[in-house]
Amino acid sequence: PVMMDLTAYPLDVLYGNLPKIEAKRMTVVIDACFSGGTNTGKWLVPNASPALLKIKNPITTQNNLTIFTSAENNQVSSWYPEKHHSMFTYFFLKAVTGDADFDKNKQITFQEIYDFVANRAEGVPYYAKRLHGGRTQTPTMHAANKDAVFVNY
């Protein structure tokens, strides 16, 4: 954390640069948290109160952009040690490889991905609570077209 200016990439720069990319469609998947906390319950900056950063909402007027984040801005992104992944990455990968195809039409939409990873009974929120002592983790999605197809298989 003491070298953030050398090791981090500001979200406002990322979001500001996305409209400059000439792409039919863009998807940004961010598996990180902005709370200042770590998965172990310690804070990035020892002997300091949590940052609880207020990140500006990434909603944009771009109709070709979808953004997924692993947690809300005041939450910690959890790990899933048994699966050797972060919690969000594990469920996101399951979603895009077919588990989120709820209607079995061989297409997975952004909404289906979100519904899978954010499922309170079987997704990230459930497992974050179960494996990490009641921890709250709620993935987010900002999309102009939630019904657009992310992948055909």
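Residues numbered from 1 in each chain as written. Predicted model: local features only at pLDDT ≥ 70, side-chain atom pairs only at ≥ 80, totals over all residues. Heavy atoms only, no water.

**Observations regarding the overall build of the chain**
Secondary structure summary: the chain contains five helices and seven strands in total. Its helices and strands taken in sequence order, the chain reads α-α-β-β-β-β-α-β-α-α-β-β from the N to the C terminus. Across the 153 residues in the chain, those meeting the buried criterion constitute 39%. Counting contacts in the chain only where the partners sit at least 6 residues apart, residues at least 24 apart contribute 66% of the total. Put simply, the chain shows about 9400 Å² of open surface, and 55% of that area lies on carbon and sulfur atoms. (Helix = DSSP H or I, 4+ residues; strand = E, 2+ residues; numbered from the N terminus. Buried < 20%, exposed > 50% of the residue type's maximum accessible area, 1.4 Å probe, protein only. Contact = heavy atoms within 4.5 Å. Areas by Shrake-Rupley, 256 points an atom, 1.4 Å probe, with all protein chains shown as cover.)

**Things to note about the sheet that holds strand 6 (residues 140-143)**
One open sheet accounts for three strands, arranged 1-2-6; its pairing is mixed. Edge positions in the sheet fall to strand 1 (26-30) and strand 6, since each of these pairs with one other strand and no more. Taking the axes of each pair of neighbouring strands and ignoring which way they run, one obtains an average angle of 10 degrees across the sheet. Pairing of strand 2 (residues 65-69) with strand 6 involves four bridges; the strand directions are antiparallel. Considered in strand 6, the bridge of T66 is made with A143. (Pairing = 2+ DSSP bridges. Axes fitted to C-alpha atoms, helices over the stretch in contact; angles between N-to-C directions.)

**Quick word on the nonpolar core**
Proteins that are soluble and globular tend to have nonpolar side chains buried together. Ranked by size, the top nonpolar core spans 20 residues in total, and within it F68, F91, F92, I113 and V117 carry the most contacts. Those elements that provide at least two residues to this core are helix 3 (87-99), helix 4 (110-117), helix 5 (124-131) and strand 6. Ranked by residue count, the leading element in this core is helix 3, at seven residues. In contact with F91, not counting residues within four places along its chain, are Y80, F116, V117, E122, G123, V124 and Y127. M26, I30, L65 and I67 belong to the second largest nonpolar core, which has eight residues in total. (Core = buried A, V, L, I, M, F, W, Y, C linked by side-chain atoms within 4.5 Å.)

**Some points on the environment of N73**
Within the secondary structure layout, N73 lies in the loop between strand 2 and strand 3 (79-80). For the pair N73 and P139, spaced 66 residues apart in the sequence, the C-alpha separation amounts to 9.9 Å.

**Overview of the pairing of strand 1**
Going residue by residue along strand 1, you find M26, V28 and I30 tucked away on one face and T27 and V29 left uncovered on the opposite face. Relative to strand 2, strand 1 runs parallel, the two being bridged by five bridges. Looking across to strand 2, one finds that V29 is bridged to F68.

Function cannot be read off these values alone, since they describe shape.
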